[in-house]
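Coordinate inspection notes
Letter by letter, the chains look like this.
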Amino acid sequence: MARLFSPRPPPSEDLFYETYYSLSQQYPLLLLLLVIVLCTLVALLIVAWASGRELTSDPSFLITVLCALGGFSLLLGLASREQRLQRWTRPLSGLVWGALLALGHGFLFTGGIVSAWDQVSFFLFIIFTVYAMLPLGMRDAAAAGLISSLLHLLVLGLYLGQQPDSQPSLLPQLAANAVFFLCGNVVGAYHKALMERALRATFREALSSLYSRRRLDTEKKHQEHLLLSILPAYLAREMKAEIMARLQAVQGSRPESTNNFHSLYVKRHQGVSVLYADIVGFTRLASECSPKELVLMLNELFGKFDQIAKAEEEDEKGTAGGLLSSLEGHKMRPSLLMTRYLESWGAAKPFAHLSHVDSPVSTSTPLPEKALASFSPQWSLDRSRTLRGLDDELDTGDAKFFQVIEQLNSQKQWKQSKDFNLLTLYFRDKEMEKQYRLSALPAFKYYVACTFLVFLSNFIIQMLVTNRPPALAITYSITFLLFLLLLFVCFSEYLTRCVQKGPKMLQWLPALSNLVATRPGLRVALGTATILLVFTMAIASLFFLPASSNCPFWAPNVSSMAFNLSWELPGSLPLISIPYSMHCCVLGFLSCSLFLHMSFELKLLLLLLWLAASCSLFLHSHAWMSDCLIARLYVGPLDFRPGMLKEPKLMGAISFFIFFFTLLVLARQNEYYCRLDFLWKRKLRKEREETETMENLTRLLLENVLPAHVAPQFIGQNRRNEDLYHQSYECVCVLFASVPDFKEFYSESNINHEGLECLRLLNEIIADFDELLSKPKFSGVEKIKTIGSTYMAATGLNATSGQEAQQDAERSCSHLGTMVEFAVALGSKLDVINKHSFNNFRLRVGLNHGPVVAGVIGAQKPQYDIWGNTVNVASRMESTGVLGKIQVTEETARALQSLGYTCYSRGVIKVKGKGQLCTYFLNTDLTRTGPPSTTLG
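Every value quoted in this text rests on a predicted model; they were computed, and no experiment measured them.

Before going further, it helps to examine the overall build of the protein chain. Counting secondary structure elements, the protein chain contains 35 helices and ten strands. Buried positions account for 48% of the 937 residues belonging to the protein chain. Only carbon and sulfur atoms are counted for the fraction: they give 59% of the accessible area of the protein chain, which is about 45,900 Å².

Next comes the structure, spelled out in structure tokens:
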């Protein structure tokens, strides 16, 4: 027992649970245990005085009780010091246990003749409370319980074994005591195991709920960052509200909007300055850079532009200029020189807040150890102070964690709880209360099994201390059959395999177990019946005795020789069965505590019923048996009346009240934690749903910024912040489609609300174009961006880099056909819009294919884009094209011809930056032909 009195070890990985367990057990259980003991000592003095005894005539009793009052008052004062108790829980628990043992042994040798049944109920109280009310681990509690049992058996065995043979046989009584203590240890360990399981589950759910809240807050921040990276704040708010409204409409809480137009988010501004900056010679620079260098350089450049556009201009001329001069001193190629120069600016990486290693990823995964590590206690902060610094010493996660601990602290359940009724602990939400009462309880069968153990213990005890009359054997046989039937019903689910091989008429039997677990009314009925069976059989032996006073030892002519020969009452019942019947009643009290999820009011009713029945039985109707036992033990006239501690009926009644109030406290505590566990599960489930919704929104927004195959690179993959997304492709088809007539159509007047209706029409055009992307056959088309009334898209970006060169030309450029069909579909969409808006817009399309570089750049406004000569030429094909036509380069025309499309030559035209190029128009009136077209010169 050295570890019981040793201070706590250094903080371990279960430190948080230990803190929570200490707080939840410290108040009120440990304090209430000391209060119960103190009240018991005071009650002993009051009862002794009320029974007419002179307290001064029994100085050993008075000294024992007064010393115990002082000692336990001191322990109560120590236990009230919350801060000290958290550190010295084990030593204080050891002191309480030692004091109880000392008090129990003091009671053994105080007040009269020592008998084998003395203080069995009090030692049973010590054993049970060591498990149920002292904040000890299971090993410590089991060691304390077993030592308490052995001490009582050894002390009485050694003491009574040396006494003259003036009492009944000692071995059956010690065996009965051993059964009592063994049952008390098993029941206590069972109670502790279930409570610790419930406490740990509640703790994990509370911590998961806190973690879920942090993740929810993180997702909200991510969502805000994403929205602000796409739109200004005032438009982001409107879009967010619209998205949430759509989600609620899908869930059925709101009717869907009947508006036929797509949502439009616009705001008119006055006095706006517009800057359009281009990098001169970028195409040549891009050809000299690797994809990684190109994306890094652009990210640094545009990231710096974003930072400048965002609170404060910094004068970095001197530092940057000096660095550039020093770099020019070394011979570097221009691309690398520009990269090194831009790196000195320290621009942020795109979506760095989303790809951080500590970013939460999944809602379905269990709480990881790293997440637990984020809620570090104060002493953990002290150890890592040098690593984290003094500024972030007070981590908000720790504060929130200990706030949750405070919420779980049972001391404050009646003061601060907003979910429970302060008196009844009912949920204030009636629907939640209904769900709690109707919830399934798979552990009910284990409650019944442990109650059967108590019943079995009572049976063995009564067989040891009685003469086993036939009527008692028949009664127990019938009760055994009832218990076996009940156990069969509760554990019938384990008969599934056996029943499947048997007749079909028995295949319904396994469903009985599930029926009991899911039907609250049936559980209450079976639980109540089980407890009443144990109650009834605890006093079954007394049913075979007359209720009237008929003690043979009160006769004045009874000799001492008769005393030595007979220990039996009329009906062949030994006198020693009287105190053991009281002890069996105490075990009946314990059986009520085994049903952890039974409602508090039902436990209160059963405990009151059993308390009233036991007290009326042993203090009224059968009180003469206790007096008869005393008459048998105390023969002389001076010693006829023993001390109160040796009078069975008084000590039995006091034991009943002690266990009644103790089990009432535990029942209240169990009710609270069962309801708290249900509440946290419900809250956690709701918060997880909210988190999943936010994560889906974040992912949806991110996939609107990035292509579907690129978005996972920035969320959920634990990318390092210094990584940038870049990819090179050998064959990508790029499309530019514009509505040039829209520039002439757009005007600002009072009739069209200062251009608002014009923009609404453009929004409808672009939105209808976007709807085409959701069709399965256009799943390979990626929208890059829109510039005014120009729509930019590409195909071939979802292929694996480096594989295109290893494939034949026909297969690697097969996606060109998808882009052609997409371009034709764009024209068809525009025709439908023209029909409904009474306009005559026409589409001008340019196509080109070839190698490109893709990447994500920008610090505050990240954007996915593609670069290369292929992109520039595709843009020129659109700007130099003809309305209603799809213009392509000669190389693209040859590729399309190999796919079965028809192209005809437009001739040689002048293209800015490219000189004279021979271009072609795609024949969109004809379907794809089998052999290659001959119109391509």
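With that settled, consider the side chain of Asp768. Within the secondary structure, Asp768 is located in helix 31 (residues 756–772). Here Asp768 occupies a buried position and makes no salt bridge, while the nearest side chain of opposite charge, Lys829, is found at 5.0 Å. Beyond its immediate chain neighbours, meaning those up to four positions away, Asp768 contacts His262, Lys829 and Ile833.

Before going further, it helps to examine the pairing of strand 6 (residues 844–857). Consecutive side chains along a regular strand alternate between the two faces of the sheet. Where burial is concerned, most of strand 6 is hidden: 13 out of the 14 residues are buried. For strand 3 (residues 726–738) and strand 6, the ladder comprises eleven bridges, and the chain directions are antiparallel. From the neighbouring strand, Ser728 faces strand 6, where its bridge partner is Val853. Relative to strand 7 (residues 863–867), strand 6 runs antiparallel, the two being bridged by five bridges. Across the sheet, Val853 pairs through a bridge with Trp867, a residue of strand 7.

Our next topic: the packing of helix 6 (residues 120–132) against helix 26 (residues 577–593). Between two packed helices, both the angle of their axes relative to each other and the distance between the axes serve to describe the pair. Look at helix 6 against helix 26: their axes get within 10 Å of each other, and the N-to-C directions meet at 20°. Considering the angle they form, helix 6 stands roughly parallel to helix 26. In terms of crossing hand, the pair formed by helix 6 and helix 26 is right-handed. The segment helix 6 lies against helix 26, with Val120, Ser121, Leu124 and Phe128 engaging His583, Val586, Leu587, Leu590 and Ser593. Of the residues assigned to the contact of helix 6 with helix 26, the class counts are six nonpolar, three polar and no charged.

So, on to the nonpolar core. Counting residues in each nonpolar core, the largest one holds 149 residues, and the members touching the most others are Leu41, Leu44, Phe72, Phe589 and Phe656. Residue contributions to this core peak at 19 residues, all from helix 29 (residues 648–705). What Phe589 contacts, discounting residues up to four positions off in sequence, is Phe535, Leu607, Trp610, Leu611, Ser614, Phe656, Phe659, Phe660 and Leu663. In terms of nonpolar packing, the next biggest core, distinct from the first, is built from 41 residues, Ile766, Leu772, Ala825 and Tyr920 among them.

Bringing the pairing of strand 9 (residues 903–911) into the picture now. Where strand 9 and strand 10 (residues 915–922) come together, eight bridges link them in antiparallel fashion. Each residue of the ladder has a partner; that of Val911, found in strand 10, is Gly915. The antiparallel hairpin formed by strand 9 and strand 10 contains three residues in its connecting segment, where Gly913 sits at a positive phi of about 80°.

With that settled, consider helix 21 (residues 470–490). Look at helix 21: 30 Å from first C-alpha to last across 21 residues, which is about the 30 Å you get at 1.5 Å a residue. Residues of helix 21 that are buried: Leu472, Tyr476, Thr479, Phe483, Leu486, Leu487, Val489 and Cys490. Taken down its axis, helix 21 places every buried residue within 155° of arc, on the same side. When the buried face of helix 21 is taken as reference, the exposed residues oriented beyond 90 degrees from it are Pro470, Ile474, Leu481 and Leu485.

Take the packing of aromatic side chains next. Per the stated rule, a full pass over the model turns up 33 aromatic pairs. Judged by centre distance (5.6 Å) and plane angle (40°), the ring pair of Phe455 and Tyr476 falls under tilted. Taken together, the positions of Phe455 in helix 20 (residues 444–465) and Tyr476 in helix 21 put the pair 21 residues apart, joining distant regions of the chain. Exposure remark for Phe455: the relative accessible area of 0% places this residue in the buried category. Among the residues examined, Tyr476 registers a relative accessible area of 1% and is labelled buried. With 6.1 Å between their ring centres and 25° between their planes, Phe491 and Tyr494 make a pair best called stacked.

Throughout the structure, instances matching the rule amount to 15 salt bridges. We note a salt bridge from Glu196 to Lys192, for which the minimum N-O separation is 3.7 Å. You can see Glu196 and its partner Lys192 sitting in helix 8 (residues 170–230), four residues apart, about one turn around the helix. Under the relative-accessibility criterion, Glu196 is labelled partly exposed at 21%. By relative accessible area, Lys192 is classed as buried at 2%. Glu433 is the salt-bridge partner of Arg675, the closest N and O atoms lying 2.6 Å from each other. Taken together, the residues span a long stretch of sequence, with Arg675 in helix 29 and Glu433 in helix 19 (residues 430–438) at a distance of 242 residues. Across this residue pair, the class does not change: Arg675 and Glu433 are buried. It is possible to trace a salt-bridge network through shared partners that takes in Glu433, Arg437, Glu601, Glu671 and Arg675.

The next subject is the packing of helix 26 against helix 27 (residues 600–621). Relative to each other, helix 26 and helix 27 sit at 175°, their axes nearing to 10 Å. By the angle between their axes, helix 26 is roughly antiparallel relative to helix 27. Contact with helix 26, carried on its side by Ile578, Ser581, Met582, Cys585, Gly588, Phe589, Cys592 and Ser593, involves Lys603, Leu606, Leu607, Trp610, Leu611, Ser614 and Phe618 of helix 27 and no other residues of that element. In terms of residue class, the contact of helix 26 with helix 27 is made up of ten nonpolar, four polar and one charged.

What follows is about the side chain of Ser577. The residue Ser577 is located in helix 26 in this model. When neighbours within four sequence positions are excluded, Ser577 is seen to be in contact with Val465 and Thr466.

Rules behind the numbers
Residues numbered from 1 in each chain as written. Predicted model: local features only at pLDDT ≥ 70, side-chain atom pairs only at ≥ 80, totals over all residues. Heavy atoms only, no water. Helix = DSSP H or I, 4+ residues; strand = E, 2+ residues; numbered from the N terminus. Buried < 20%, exposed > 50% of the residue type's maximum accessible area, 1.4 Å probe, protein only. Areas by Shrake-Rupley, 256 points an atom, 1.4 Å probe, with all protein chains shown as cover. Lys, Arg positive; Asp, Glu negative; His and termini not counted. Salt bridge = Lys/Arg side-chain N within 4 Å of Asp/Glu carboxyl O. Contact = heavy atoms within 4.5 Å. Pairing = 2+ DSSP bridges. Axes fitted to C-alpha atoms, helices over the stretch in contact; angles between N-to-C directions. Parallel < 35°, antiparallel > 145°, perpendicular 65-115°, else oblique. Left-handed = near helix turned anticlockwise from the far one by under 90°. Nonpolar A, V, L, I, M, F, W, Y, C, P; charged D, E, K, R; others polar. Core = buried A, V, L, I, M, F, W, Y, C linked by side-chain atoms within 4.5 Å. Expected span 1.5 Å × (residues − 1). Arc of directions from axis to C-beta. Phe/Tyr/Trp six-rings, centres within 6.5 Å; stacked < 30°, edge-to-face > 60°.

By themselves, these are just geometric observations and shouldn't be taken as functional.
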